[in-house]
Amino acid sequence: MNNRLKVLRAELNWSQAYLAEKLEVSRQSVNAIETGKYDPSLPLAFKIAKLFGKRIEEIFQESE
Amino acid sequence: MRKLQLIFACGYSAEDKAAVAKYRQWLLVVWLVGVMPFTWKHFPGRLGLAASVVEGSSFAAVLILAWMIALRSGDEYRRLLLQRSLALGTAMMTVALSVCGFVEFQMHRSLELPLGLIPVGLALLTVAAKLIVFRRANA
């Protein structure tokens, strides 16, 4: 699964640590999601979408 | 090494430490109970066998507690990492202990180690069942 988390985070000039704090997860988790090593659970994906004010499919896309 | 640090709560975040602290005293208790039989393990007969069972049981309890910590502490990604490493560790331990028990029995015709391994085997089964239930619940 591809995601635009890194881009969205960069647009807001947020650090991984800051985003992790907002999402109440570890920085390691944010890094793993951004690098595609880990796909977040649905509740976490919703949390991310809500935080950026977007729909889940605008952030996460199925890989080709 | 990081996973061990997490289990013993000596190098991770505050919430991880809080989760581990809840179980740490129990880890210590079962470990102490497990260490004690070493002093009377080499007594002949039933006392020696009982010591092995107690020792194996405490080891089993430590294993289950470690899994409980892994399933409850940290965030979802950390839990996944912990589960992976514990699953690998458990599998390796199962193989190693099975070989040890078999060799001991073949060489010395002694039931000491195989009997001690029964609770460990039960713990491994419990852990496997718990992991299956957990993974299904989170699938």
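Placed above this text is the structure.
Read on for a plain summary of the structure. None of these values were measured; they are calculated from a predicted model.

About the thresholds
Residues numbered from 1 in each chain as written. Chains lettered and ligands numbered in written order. Predicted model: local features only at pLDDT ≥ 70, side-chain atom pairs only at ≥ 80, totals over all residues. Heavy atoms only, no water. Core = buried A, V, L, I, M, F, W, Y, C linked by side-chain atoms within 4.5 Å. Buried < 20%, exposed > 50% of the residue type's maximum accessible area, 1.4 Å probe, protein only. Helix = DSSP H or I, 4+ residues; strand = E, 2+ residues; numbered from the N terminus. Contact = heavy atoms within 4.5 Å. Phe/Tyr/Trp six-rings, centres within 6.5 Å; stacked < 30°, edge-to-face > 60°. Buried area = accessible area lost by both parts, 1.4 Å probe. Salt bridge = Lys/Arg side-chain N within 4 Å of Asp/Glu carboxyl O. Polar contact = N/O pair within 3.5 Å; in protein donor to acceptor, adjacent residues only side chain to side chain. Nonpolar A, V, L, I, M, F, W, Y, C, P; charged D, E, K, R; others polar. Arc of directions from axis to C-beta. Patch = residues over 30% accessible without salt bridge, like charges linked within 9 Å, V, L, I, M, F, W, Y side chains within 5 Å. Areas by Shrake-Rupley, 256 points an atom, 1.4 Å probe, with all protein chains shown as cover.

Turning our attention to the nonpolar core. Counting 22 residues, the largest nonpolar core has A:Leu19, A:Leu23, A:Ile33, A:Ile48, A:Phe52, A:Ile59 and A:Phe60 as the members making the most contacts within it. By residue number, the principal contributor to this core is helix α4 (residues 42-52) of chain A, which donates 5 residues. Dropping the residues within four chain positions of it, A:Ile59 is found in contact with A:Asn2, A:Asn3, A:Arg4, A:Leu5, A:Leu8, A:Ile48, A:Ala49, A:Phe52 and A:Lys54. Grouped together as the second largest cluster of nonpolar side chains are 10 residues, B:Ala60, B:Ala70, B:Leu82 and B:Ala123 included.

Residue and element names in this part refer to chain B. Following the sequence through the fold, Ala 66 ends up in helix α4 (residues 46-72). Here Ala 66 falls in the buried class, since its relative accessible area comes to 10%. Measuring from C-alpha to C-alpha, the distance between Ala 66 and Gln 83 comes to 10.0 Å, with 17 residues separating the pair along the chain.

Here we come to the packing of aromatic side chains. The full count for this structure, using the stated rule, is 3 aromatic pairs over all chains. For the ring pair A:Trp14 and A:Phe52, a centre distance of 5.6 Å and an interplane angle of 35° mean the geometry is tilted. Of the two residues, A:Trp14 sits in the loop between α1 (5-11) and α2 (16-23) while A:Phe52 sits in helix α4, which places them 38 residues apart along the sequence. Take A:Trp14: its relative accessible area is 19%, and that puts it in the buried class. Ring centres of A:Tyr38 and B:Tyr77 lie 5.0 Å apart, and the angle between their planes is 50°; this geometry places the pair in the tilted category. Of this pair, A:Tyr38 sits in the loop between α3 (27-34) and α4 while B:Tyr77 sits in helix α5 (residues 76-108), each in a different chain.

We now examine the interface of chain A and chain B. Contacts between the two partners involve 9 residues from chain A and, on the opposite side, 7 residues from chain B. Summing the contributions of chain A and of chain B, the shared interface buries around 730 Å²; its carbon and sulfur component is 49%. Looking at the side of chain A facing chain B, the largest losses of area belong to A:Ser26, A:Gln28 and A:Tyr38, adding up to 60% of the total buried there. Our enumeration of links across chain A and chain B arrives at 0 salt bridges. Linking chain A with chain B are 4 residue pairs in polar contact (both at pLDDT 80 or more). When residues of the side of chain A that touches chain B are assigned to their parent elements, the largest contribution, 3 residues, is made by α3(A). The residue makeup of the side of chain A that touches chain B, split by class, is 5 nonpolar, 4 polar and no charged.

Residue and element names in this part refer to chain A. Among the residues of α4, those classed as buried are Leu 44, Ala 45, Ile 48, Ala 49 and Phe 52. What you see down the axis of α4 is that its buried residues fit within an arc of 140°, all on one side. Turned more than 90 degrees off the buried face of α4, the exposed positions are Leu 42, Pro 43 and Lys 50. Following α4 by one or two positions, Gly 53 adopts a phi angle in the positive range, close to 65°.

Right, let's get into a nonpolar patch on the surface. Residue and element names in this part refer to chain B. A cluster of nonpolar residues, Val 95, Val 99, Phe 102, Val 103 and Met 107, forms a patch on the protein surface that exposes about 500 Å² of accessible area. Topologically, Val 99 is positioned in helix α5. Overall, the relative accessible area of 48% leaves Val 99 in the partly exposed class.

This part takes up the environment of A:Thr35. Residue and element names in this part refer to chain A. Among the structural elements, Thr 35 can be located in the loop between α3 and α4. Each C-alpha atom, one on Thr 35 and one on Asn 2, is 9.0 Å from the other, the two residues being 33 residues apart in sequence. Among the polar contacts listed, one links the side chain of Thr 35 to the backbone oxygen of Asn 31, at a separation of 2.8 Å. A polar contact is formed between the side chain of Thr 35 and the backbone oxygen of Ala 32, at a distance of 3.4 Å.

That is the geometry; function is a separate question.
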